[in-house]
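Chain by chain, the residues run as shown.
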Amino acid sequence: MLQSTSPNQPCYDALVVGGGIAGMQTALDLADQGYQVVLVEKEASIGGKMIALSKVFPTLDCCSCITTPKMSAVAHHENITLLTYCDVLAVEAVDAAIAEQGESVFTIHLRKKPRYVDEEACTGCRQCEYACPIDLPTAFDLGLGAQRAIRVPFSTAVPQKAVLDIENCLFCGKCEKACPHGCIDFTQTAQEFSIGARAIVLATGYELTPVGAKAEYGAGQLANVVSPMVVERLLAPTGPYGHVLRPSDGKEPDSIAYVQCAGSRDASLGIEYCSRICCMYAIKQAMLLSGALPLADITIYYMDIRTFGKGYEQFYQNARAMGIEFVKGKVARIHEDEAHNPVVRVELIDDGSRVVEQTHDLVVLSTGMVPAYNPQELYGVAVAEADGFINQPAPNLAPGRTGRTGIFVTGTAAGPMDIVDSIVLAGAAAAETAAYLQSKKLLVSGNGHHVTPEVELSYV
Ligand SMILES: Cc1cc2nc3c(=O)[nH]c(=O)nc-3n(C[C@H](O)[C@H](O)[C@H](O)COP(=O)(O)OP(=O)(O)OC[C@H]3O[C@@H](n4cnc5c(N)ncnc54)[C@H](O)[C@@H]3O)c2cc1C
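Residues numbered from 1 in each chain as written. Predicted model: local features only at pLDDT ≥ 70, side-chain atom pairs only at ≥ 80, totals over all residues.

Looking now at the overall build of the protein. Each helix and strand counted, the protein has ten helices and 23 strands in total. What you see for the protein is a C-alpha radius of gyration of 24 Å, in line with the 23 Å of a compact globule of 460 residues. Taken along the three principal axes of its C-alpha coordinates, the protein extends 70 × 60 × 35 Å. Counting all 460 residues of the protein, 45% fall into the buried class. For the protein, the proportion of contacts with a sequence separation of at least 24, taken over those separated by at least 6, is 67%. (Helix = DSSP H or I, 4+ residues; strand = E, 2+ residues; numbered from the N terminus. Rg over C-alpha atoms; globule rule 2.2 N^0.38 Å. Buried ≥ 20, exposed ≤ 12 C-beta atoms within 10 Å, placed from the backbone. Contact = placed C-beta atoms within 7 Å.)

This is the structure we're talking about:
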């Protein structure tokens, strides 16, 4: 750990908040240049949403295969300190005159939540998990499978450390007996401490519009109307069943439909913007489903198909050529029949605006992106009134900048975007943070000395 600039408080060049792909990439880009970075993630593992995906458009690379090495690189980088299962409680700006002396510009108060496991000693051997008698719905597989009350969060989690769900623990002591290293500690409490950082990068990501947001689409009550993340888990090699099965009865679906713009471009939800990724993930999933279920009919009900990225239009054309049916139509309502088959009521725009009802085995709502976190209160960073994502006052010239000096933004915390754009913005945010640190002469070298830049830098 880096030397402290004030007693008992470690100090870093940059704090990155959020360990999804954008936060990880920003941390790596800064750390590779020699900056000391601390990455704080609220969950027990880094990886964000990307580690839960099956394959990625447009290349159809295995998502786990490309995300896990990044997670590992973050965990093992000598210039990155990783704090998982940790919340930022407060952020204080240090007086500017002190900052000029090279002291931390921000003091950050943190709380590390108890895992009830000695994190240093745990090797991730999972003996505690095998011994635990409690089965709960899996958080990582969105309730599709089962997990133990004590477990490593998922097979590719980083760090590979167990975490105990104390609320559901029986205190039977079986995990304690099974642990070869004596790691289990039922008395562990949250630890509060402070660190210093000269810059902050917000990488807090997104959530999906809840499936239950729209009453017309069943308000989340129809068993076979699911979120696209459920399909990602069903298709993933690390998924719960190894097959695509529908939730109500475990049947392989023969007819699957996608309802586009089910959580975006919708004034009734107050989400009027396009989420940019839904057309592409629906097309991707449709292609993967037709590989997994060659006899299934797959229909995508859409208003417009927006395939804006490099190679994306070709991806769409490939899906059409594979036989996936694209139907221009606005879905008005979904209900279910006695066998829990979703029945979609849709206006067929290219067929004289006829209104028909189509029955499917499974319906996927292409829900959109909403911000996961509002940093206004803690970080004093403004969000856009229109959508709640972090404001970028100079999106054309300095997209990583926020309205507050010294605080930067990366990935979907700034707005809906795919992985390609998240990686691009991560590079931009890292470059802008580095330029800022250099221009303010706030750089802390690996051994704790301040470095004065030899050239005048252009950060303003
Ligand atoms: C169904 C679906 C399929 C998709 N498929 C593709 C695809 O094939 N190709 C593609 O390019 N894109 C795809 N995407 C988009 C892709 O998921 C995102 O572009 C990408 O994951 C964004 O990464 P991120 O780091 O910005 O956000 P996230 O992955 O959301 O990461 C944010 C991280 O910050 C943490 N965090 C949040 N708040 C705090 C806080 N206050 N303190 C500490 N930590 C915090 C979260 O726990 C999380 O780990 C898909 C999206 C969906 C919904």
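Further remarks concern the nonpolar core. Judged by nonpolar contacts, the single largest core of 79 residues is most densely connected at Ala 14, Leu 15, Ala 27, Val 37, Ala 197, Ile 200 and Leu 202. Of all the elements, helix H10 (residues 419-439) adds the most residues to this core, at nine residues. Here this core spans two domains, and each of domain 1 (9-113 + 190-205 + 372-439) and domain 2 (127-178) adds at least three residues to it. Once residues within four sequence positions are removed from consideration, Ala 14 is found in contact with Leu 30, Tyr 35, Val 37, Ala 197, Arg 198, Ala 199, Val 201 and Thr 433. Grouped together as the second largest cluster of nonpolar side chains are 48 residues, Tyr 258, Ile 324, Phe 326 and Leu 362 included. (Core = buried A, V, L, I, M, F, W, Y, C linked by C-beta atoms within 7 Å. Domains from an automatic or database assignment.)

For the rest of this paragraph, the subject is the domain arrangement of the protein. For the protein, the assigned domains are domain 1 (9-113 + 190-205 + 372-439), domain 2 (127-178) and domain 3 (210-368). The gap between the C-alpha centroids of domain 1 and domain 2 is 29 Å. Every contact between the two is made by 13 residues of domain 1 and, on the other side, eight residues of domain 2. Its residues assigned to classes, the side of domain 1 that touches domain 2 shows seven nonpolar, six polar and no charged. (Nonpolar A, V, L, I, M, F, W, Y, C, P; charged D, E, K, R; others polar.)

A few words on the site of the ligand. In the vicinity of the ligand, 38 residues are found, and the nearest of them are Gly 18, Gly 20, Gly 48, Gly 205 and Gly 411. When contributions to the shell around the ligand are tallied by element, the ones reaching two or more residues are helix H1 (21-32), strand E14 (206-208), helix H6 (228-235), helix H7 (278-292) and H10. Across the shell around the ligand, the residue classes tally to 21 nonpolar, ten polar and seven charged. Each of domain 1 (9-113 + 190-205 + 372-439) and domain 3 (210-368) contributes no fewer than three residues to the shell around the ligand. (Near = placed C-beta within 6 Å.)

Let's shift gears to the confidence of the model for the protein. Chain-level pLDDT for the protein is 93 on average; 93% of the residues reach the 70-or-more range. Counted against residues more than four places away or in other chains, residues 1-5, with its pLDDT under 50, gives 17 contacts. Under a pLDDT of 50 for its full length, residues 445-460 has, in the predicted model, 20 contacts with residues more than four places off or in other chains. (pLDDT = per-residue confidence, 0-100.)

If you walk across this open sheet you meet the seven strands as E15-E21-E16-E17-E18-E19-E20, and the pairing is mixed. On the outer flanks of this sheet lie strand E15 (225-226) and strand E20 (354-359), each paired with one strand and no other. Where E15 and strand E21 (residues 362-365) come together, two bridges link them in parallel fashion. Looking across to E21, one finds that Val 226 is bridged to Val 364. Of the strands in this sheet, strand E16 (255-259) and strand E17 (297-302) touch H7, which is tilted by about 170° from E17. (Pairing = 2+ DSSP bridges. Axes fitted to C-alpha atoms, helices over the stretch in contact; angles between N-to-C directions.)

Across the interface, H1 lies against helix H2 (residues 63-76) with an axial gap of 10 Å and an inter-helix angle of 45°. As summarised for this structure, H1 and H2 are arranged oblique, according to the angle between their axes. For the pair H1 and H2, the sense of crossing is left-handed. In this structure, H1 contributes Ile 21, Met 24, Ala 27 and Leu 28 to the contact, and H2 contributes Thr 67, Lys 70, Met 71, Ala 73 and Val 74. Looking at the contact of H1 with H2 residue by residue, the classes come out as seven nonpolar, one polar and one charged. (Parallel < 35°, antiparallel > 145°, perpendicular 65-115°, else oblique. Left-handed = near helix turned anticlockwise from the far one by under 90°.)

With twelve residues, H1 extends 16 Å from end C-alpha to end C-alpha; this agrees with the ideal 16 Å at 1.5 Å per step. For H1, the set of buried residues is Ile 21, Ala 22, Gly 23, Met 24, Gln 25, Thr 26, Ala 27, Leu 28, Asp 29, Leu 30 and Ala 31. Turning to H1, the residues buried within the fold contact strand E2 (9-17), strand E3 (37-40), H2, strand E6 (80-83), strand E13 (191-202) and H10. Gly 34 sits one or two residues past H1 and shows a positive phi near 100°. (Expected span 1.5 Å × (residues − 1).)

Going from Phe 57 to Pro 58, the amide bond is cis rather than trans, its omega being -5°. Checked against the element boundaries, Pro 58 lands in the loop between strand E4 (55-56) and strand E5 (61-62). One non-glycine residue, Arg 265, lies in the positive phi region at around 50°. Looking at the element boundaries, Arg 265 is found in the loop between E16 and H7. Accessibility expressed as a C-beta count within 10 Å gives 18 for Arg 265, which makes it partly exposed. Even without glycine at this site, Ser 353 takes up a positive phi of about 55°. Note that Ser 353 resides in the loop between strand E19 (342-348) and E20.

A few words on the environment of Ala 257. Mapped onto the fold, Ala 257 is located in strand E16. Spatially, the C-alpha atoms of Ala 257 and Ile 300 are 5.7 Å apart, while their sequence positions differ by 43 residues. Those residues within four positions of Ala 257 in sequence are excluded, and the remaining contacts are Thr 299, Tyr 301, Val 344, His 360 and Val 363.

Let us now look at the pairing of E13. With six bridges connecting them, E2 and E13 associate as parallel partners. The partner of Val 16 across the bridge, within E13, is Val 201. Looking at chain direction, strand E8 (residues 106-112) and E13 are connected through seven bridges and run antiparallel. Paired with Thr 107 across the two strands is Gly 196, which belongs to E13.

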